[in-house]
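Here's the letter readout for the chains.
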Amino acid sequence: FEQQAKINESMYGNYSLENLFVMIPKTTAEVVEEATNQKNCLRSYVTRLKEGQTVVAFIRRKDAPTVSYVTVEINNNKVIVILAEIGTEGCHLAR
């Protein structure tokens, strides 16, 4: 996971805009923690992340960098899924 995270970081981890920035998860624990915080299905992405089949990036507020905000799935350099806190367990996606 960590090796793939370094590749993803080099491709997508240097972006920021106004009060937001991109953070690439470096461990499976970070992915699971984000899923728990957002109460969504992000943890189901771990295998695909390990295998390099997809990329997940955490979008964070600069004034609260440790607080979950939005997570995006990137495939072929396009955002294909947006995950955010949904208030109940499950997976609700914006495509």
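Definitions and limits used
- Every chain is numbered independently, its residues counted from 1 as its sequence is written.
- Per-residue local features of the predicted model are confined to residues with pLDDT of at least 70, and side-chain atom pairs are confined, for both listing and counting, to 80 or more; whole-chain, interface and lining totals are unaffected and use all residues.
- To get the side-chain values, take all heavy atoms of the structure and skip hydrogens and water.
- Secondary structure elements are defined from DSSP: runs of H or I of at least 4 residues count as helices, runs of E of at least 2 residues count as strands, and each element is numbered from the N terminus.
- Each residue's exposure class comes from its accessible area (1.4 Å probe, protein chains only) as a fraction of the maximum for that residue type: buried when under 20%, exposed when over 50%, partly exposed otherwise.
- Between two residues, a contact is recorded if the distance between any of their heavy atoms is within 4.5 Å.
- Using a 1.4 Å probe, the Shrake-Rupley method yields the accessible areas, and only the shown protein chains count as cover for residues.
- In what follows, salt bridge is the name for a side-chain nitrogen of Lys or Arg lying within 4 Å of a carboxyl oxygen of Asp or Glu.
- Each polar contact in these results corresponds to two N or O atoms within 3.5 Å; when the atoms are within protein, one needs to be able to donate a hydrogen and the other to accept it, and residues that are neighboring in sequence are counted only if both atoms are side-chain atoms.
- A pair of strands counts as paired when DSSP detects no fewer than two bridges linking them.

**Student:** So what about the overall build of the chain? Which residues, and what values?
**Tutor:** A tally of helices and strands in the chain yields three helices and five strands. Looking at the 95 residues of the chain, the share that counts as buried comes to 37%. Put simply, of all contacts in the chain between residues at least 6 apart along the chain, 51% involve residues at least 24 apart. Per element, the accessible surface of the chain, about 5,700 Å² overall, is 52% carbon and sulfur.

**Student:** Could you give an account of the pattern of salt bridges, naming the residues involved and the relevant values?
**Tutor:** Counted under the stated rule, the structure contains three salt bridges. In this structure, Arg60 engages Glu34 in a salt bridge whose closest nitrogen and oxygen atoms are separated by 2.5 Å. Linking Arg60 in strand 3 (residues 55–61) with Glu34 in helix 2 (residues 28–38), this pair joins segments that are 26 residues apart in sequence. The buried category is assigned to Arg60, whose relative accessible area is 5%. Relative accessible area serves as the criterion here: at 2%, Glu34 is assigned to the buried category. Between Glu73 and Arg48 there is a salt bridge; the shortest N-O distance is 3.4 Å. Residue Glu73 is located in strand 4 (residues 70–75), and its partner Arg48 is located in helix 3 (residues 46–50); the two are separated by 25 residues in the primary sequence.

**Student:** For the side chain of Ser68, give the residues involved together with the corresponding values.
**Tutor:** As for its position among the elements, Ser68 is in the loop between strand 3 and strand 4. At 3.3 Å, the side chain of Ser68 and the side chain of Asn37 are in polar contact. In contact with Ser68, other than residues within four places in its own chain, are Glu34, Asn37, Gln38 and Arg60.

**Student:** Report on the pairing of strand 3, specifying residues and quantitative values.
**Tutor:** Extensive coverage of strand 3 is indicated by the burial of six of its seven residues. Pairing analysis gives five bridges linking strand 3 to strand 4, with the strands arranged antiparallel. By the bridge assignment, Ala57 is partnered in strand 4 with Val72.

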